[in-house]
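Chain by chain, the residues run as shown.
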Amino acid sequence: MTAPNLLADPHRQPPADHELSPYTGWTRAHWEAAADRMLAALLPYASPHRAQYRLPGRTSYSGARSDGLEGYARSFTLAAYRIAGAGGRDEPGSTLVADLVERYAAGLAAGTDPAHPEHWPAVTDRAQSMVEAAAIAIALHESRPWIWDNLPDAVRQRVAAWFGGFVGAQANDSNWRLFQVVTEEFLASVGAPHRRAEIDAGLSRLDDWYRGDGWYTDGDGQKFDYYNAWTLHLYPVMWARIAGPRADGMLVATHRERLRRFLESHQYFFGADGAPLHQGRSLTYRFAAAAPLWAGALAGATPLPPGRTRRLASGALKHFADRGVPDEEGLLRLGWYRPFLPVTQEYSGPASPYWANKAFLGLLLPADHPVWTAREEPGPVDTADRDLVLPGPGWLLHSTAADGIVRLVNHGSDHQSPASKPLDNPHYTRFAYSTATAPETPGQEEPPGPDNQITLLDVPGPSVRGRIHRLFAEGRRAASWHTRPGADNGQHARIATASVAHGPWEVRIHRIEAPAGALIREGGWPVAADDAAPVAETGAGWAAARRQDGLTSVLVALLGWGDAEDGAACRTSVAPARGHNAYGHHSATPLLTARHRGGTRLLASLVVLTADPSVAQDLGTLRTGTSATLTPEGTVRVVFPDGTAEEVRVAATPPA
């Protein structure tokens, strides 16, 4: 089934097919329709010769000309997948494919001509043009029979010369190394000058960053995020497609096995409503989190049944479509649902969100491929509660079928370089992230949000969890420690934290070394909405914030918060905020606070995020049905409301 020509009717939607796709109703036609709508919406912002797409929005630090190239390059990948997926042919009465071929060929001719007013910035050391050149190289390879093979020789020579800026150039020592790999491999594929040693070195660098079970750090340090999904696993697959028989077979097999292992855990990162887990940078790429699902199928490197691949990928795309993304003009804006700049980085320009187009990789698979024809199968969160430990990134995942929420407990990803000054980054250094919430991201002149962290106040410089020092990640438990940066003059502060996760619950146990009188503040999950502020509730030793649709965040004092160990002496509150959260204008975070008596103090708290009415409406059971007690052996015994028990030791330093 082929989508209609949305250049003529950009708001037309194919009918849902709940027999083939019982979870989403979406088919290949919906993907084609979404692609057509986004490509059509860009046309009003194209430069006269189609080499630049100057979209409205904040300019990136690379400047407007680079941003215009970004608009061309990132939309070209979508156009290439659409062209190739259609076999370069138009349906009767349509000129969609022919128009795309003409449009992007014209842009190549103008953009690579140094004398043309729409020419692209050169590819030079660490320039943003490196990123976009790789996108164009991939797009040219996938659309080769229809675009590259029909370009005039002079244009092909100019394209190769522009790509040739990579040869001998320095890329950032991160996922950018793969941009050099794919671009120089494309040069090799067309007989243009390149350096095989640079391709090999970039691929070899991946091995230095591999941490097992399919997980890479994005450069040196502990930089675990979706770059595993939309670059570090995706680009080796695209390189192998470009290289063909030139590729080292053993290396290709290694990359495929790592992708297979990655997908074994990545499938757990999507909520029942299709939402990707909200953690890390470049989140404005949104449904690009689905890219490795298709890449696994494309490379024959997936452990997932085809119906599950489509269920997860379609669920992610539909999740945003149901929430107004793209917007009424068909554009992807800088943000998550609505425009929201705090979810972006300085390198994010108006066209940056179009890396979401990586999710359309599945269009390269033929319409009769099982990923398009098999009946949708449930994702992991659809059928049962899950607990999963990921030692590579230092994470625990726990999800619940009753509300479809996936939660990530973070004791290993801080996005700090080994020699850098530790910094607080709400998208990396919080204790937890989920598919139903976003971290609080106040403006630069405001103090950090209180959510999902424990903070020491009233000491010189509030503590931040900048650099995470791992202790362990095993079973349902993970632990780490951090210090207050620059602690000196008798103001030493060190916090070791262990998490025990099960069902909708997490118990956090903190071993705090700090000066007497320091104010300890613990924050729970932030819940946010656009229509109304969450309702705040507090009581002796507990605080909760509840959204109108029932999403509820609860924080309960369990151990050490009061003089009588019953939580009565600690202060409870709910912190409201406006404009601080990607999930909604109004947000609220439950808080516990208490004074430190000096020396070492052990605290335990129950942290809950749930949309399950049986959990959210029974706060009494949450408070009385969960316990944390110190054993004679020095461990903490945790008992959850369903009777599940765990013991954990919170050490001050890593075990010998």
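I will try to describe carefully the structure that is included in this document.

What counts and how
- Residues numbered from 1 in each chain as written.
- Predicted model: local features only at pLDDT ≥ 70, side-chain atom pairs only at ≥ 80, totals over all residues.
- Heavy atoms only, no water.
- Helix = DSSP H or I, 4+ residues; strand = E, 2+ residues; numbered from the N terminus.
- Contact = heavy atoms within 4.5 Å.
- Expected span 1.5 Å × (residues − 1).
- Buried < 20%, exposed > 50% of the residue type's maximum accessible area, 1.4 Å probe, protein only.
- Pairing = 2+ DSSP bridges.
- Axes fitted to C-alpha atoms, helices over the stretch in contact; angles between N-to-C directions.
- Phe/Tyr/Trp six-rings, centres within 6.5 Å; stacked < 30°, edge-to-face > 60°.
- Core = buried A, V, L, I, M, F, W, Y, C linked by side-chain atoms within 4.5 Å.
- Arc of directions from axis to C-beta.
- Salt bridge = Lys/Arg side-chain N within 4 Å of Asp/Glu carboxyl O.
- Parallel < 35°, antiparallel > 145°, perpendicular 65-115°, else oblique.
- Left-handed = near helix turned anticlockwise from the far one by under 90°.

Now for the environment of Ala-438. Within the secondary structure, Ala-438 is located in the loop between strand 4 (432–434) and strand 5 (454–457). Sequence spacing of Ala-438 and Asp-248 is 190 residues, and the spatial spacing of their C-alpha atoms is 42 Å. The residues touching Ala-438, leaving out its near neighbours within four places in the chain, are His-278, Pro-526, Asn-581, Ala-582 and Tyr-583.

Relative to the 32 Å expected for 22 residues at 1.5 Å per residue, helix 2 (residues 64–85) spans 32 Å between its end C-alpha atoms, a close match to the ideal helical length. Count one or two residues on from helix 2 and you reach Gly-87, which has phi positive near 65°.

Once that is clear, we can look at unusual backbone geometry. A cis amide bond links Val-325 to the next residue, Pro-326, at an omega of -5°. Positive phi is not limited to glycine here, since Ser-282 has a value of about 55°. Within the element layout of this structure, Ser-282 appears in the loop between helix 10 (249–266) and helix 11 (291–298). For Ser-282, a relative accessible area of 1% gives the class buried. Residues other than glycine seldom take positive phi values, yet His-415 does so here, at roughly 60°. Within the fold, His-415 resides in the loop between strand 3 (405–410) and strand 4. His-415 gets classed as partly exposed once you look at its relative accessible area, which sits at 24%.

Another aspect to go through is the sheet that holds strand 18 (residues 627–630). Strand order in this open sheet of three strands is 18-19-20, and the pairing throughout is antiparallel. Of all strands in the sheet, those bounded by a partner on one side alone are strand 18 and strand 20 (645–648). If you compare each strand with its neighbour and ignore which way they point, the axes differ by 20° on average. Relative to strand 19 (residues 636–639), strand 18 runs antiparallel, the two sharing four bridges. Along strand 19, the bridge assignment pairs Thr-629 with Arg-637.

Aromatic ring pairs are defined here through the distance separating the ring centres and the angle between the ring planes. Enumeration according to the criterion identifies 31 aromatic pairs in this entry. Consider the rings of Phe-287 and Phe-360, whose centres lie 6.3 Å apart with planes at 75°: the pair is edge-to-face. Of this pair, Phe-287 sits in the loop between helix 10 and helix 11 while Phe-360 sits in the loop between helix 12 (306–321) and helix 13 (370–373), placing them 73 residues apart in sequence. Members of the aromatic cluster, each reached through a chain of ring pairs, are Trp-31, Phe-287, Trp-294, Phe-320, Trp-336, Tyr-337, Phe-360, Trp-372 and Tyr-583.

What follows covers the nonpolar core. In terms of nonpolar packing, the biggest core is built from 142 residues, with Ile-136 and Phe-360 touching the most fellow members. Here Phe-360 is in contact with Trp-31, Ala-34, Ala-35, Met-38, Leu-78, Tyr-81, Phe-287 and Leu-317, once residues within four sequence places are set aside. Within the second largest apolar cluster, 29 residues are counted, among which are Ile-520, Trp-525, Ala-557 and Leu-592.

Let us look at the pairing of strand 9 (residues 505–514). Burial of strand 9 is extensive: nine of the 10 residues sit out of reach of the surface. Pairing of strand 8 (residues 494–502) with strand 9, which is carried by nine bridges, proceeds in the antiparallel orientation. Paired with Ala-501 across the two strands is Glu-506, which belongs to strand 9. In textbook terms, the turn of a hairpin is the stretch between consecutive antiparallel strands, and for strand 8 and strand 9 this stretch comprises two residues, one of which, Gly-503, has a positive phi near 55°. Summarising the sheet, strand 9 and strand 17 (residues 599–610) pair through 10 bridges and their orientation is antiparallel. In the sheet register, Arg-508 faces strand 17, and the bridge partner there is Ser-605.

Here we take up helix 10. End to end, helix 10 covers 25 Å across 18 residues, agreeing with the expected 26 Å (1.5 Å per residue, within 8%). Buried residues of helix 10: Val-252, His-255, Arg-258, Leu-259, Phe-262, Leu-263, Ser-265 and His-266, and no others. The buried residues of helix 10 all sit within an arc of 155° when viewed along its axis, so they share a single face. Facing away from the buried surface of helix 10 by more than 90 degrees, the exposed residues are Gly-249 and Met-250. Buried residues in helix 10 make contact with helix 7 (196–209), helix 8 (227–232), helix 9 (234–243), helix 11 and strand 1 (386–390).

Taken residue by residue, a regular strand's side chains alternate between the two faces of the sheet. Counted residue by residue, strand 2 (residues 395–400) has six buried out of six residues, so it is predominantly covered. Burial of the side chains of strand 2 extends over both faces: Trp-395, Leu-397 and Ser-399 are buried on one face and Leu-396, His-398 and Thr-400 on the other. In this structure, strand 1 lies alongside strand 2, joined through five bridges in antiparallel fashion. Counted as the bridge partner of Leu-388 is Leu-397 from strand 2. If you look at the hairpin formed by strand 1 and strand 2, you'll find four residues sitting between the two strands, and Gly-394 has a positive phi there, around 75°. Strand direction decides the pairing type here: strand 2 and strand 3, joined by six bridges, are antiparallel. When the bridges of strand 3 are listed, Ser-399 appears paired with Val-406. The antiparallel hairpin formed by strand 2 and strand 3 contains four residues in its connecting segment, where Gly-404 sits at a positive phi of about 70°.

The next point concerns the sheet that holds strand 8. Read from one edge of the open sheet, eight strands run 6-7-8-9-17-14-13-12, paired in antiparallel fashion. Where the open sheet ends on each side, the last strands, each with one partner, are strand 6 (469–474) and strand 12 (535–539). Adjacent strand axes in the sheet meet at a mean angle of 15°, parallel and antiparallel pairs treated alike. One ladder, built from five bridges, connects strand 13 (residues 542–546) with strand 14 (residues 552–559); its direction is antiparallel. Residue pairing in the sheet places Arg-546 in a bridge with Thr-552 of strand 14.

Taken as a whole and judged by the stated rule, the model has 37 salt bridges. Note that Asp-403 and Arg-407 form a salt bridge whose closest N and O atoms lie 3.4 Å from each other. Judged by relative accessible area, Asp-403 falls into the buried class, the value being 17%. Residue Arg-407 is classed as buried on the basis of its relative accessible area of 1%. Residues Asp-424 and Arg-430 are paired through a salt bridge, measuring 2.7 Å at the closest nitrogen-oxygen approach. Of the residues examined, Asp-424 reaches a relative accessible area of 24% and is grouped as partly exposed. Salt bridges sharing common partners tie together Asp-173, Arg-177, Arg-205, Asp-208 and Asp-220.

What follows covers the environment of Ala-171. Along the polypeptide, Ala-171 turns up in the loop between helix 5 (153–163) and helix 6 (176–189). When neighbours within four sequence positions are excluded, Ala-171 is seen to be in contact with Arg-126, Met-130, Trp-176, Arg-177 and Gln-180.

Turning to the side chain of Thr-435, a few remarks are in order. With respect to the helices and strands, the residue Thr-435 is situated in the loop between strand 4 and strand 5. Residue class for Thr-435 comes out buried when judged on its relative accessible area of 2%.

Right, let's get into the packing of helix 4 (residues 129–142) against helix 5. Running from N to C, helix 4 and helix 5 point in directions that differ by 140°, and their axes come no closer than 10 Å. The angle between helix 4 and helix 5 falls in the class oblique. Crossing of helix 4 over helix 5 shows left-handed handedness. Facing helix 4, whose interface residues are Ser-129, Ala-133, Ile-136, Ala-137 and Leu-140, helix 5 presents Val-159, Trp-162 and Phe-163.

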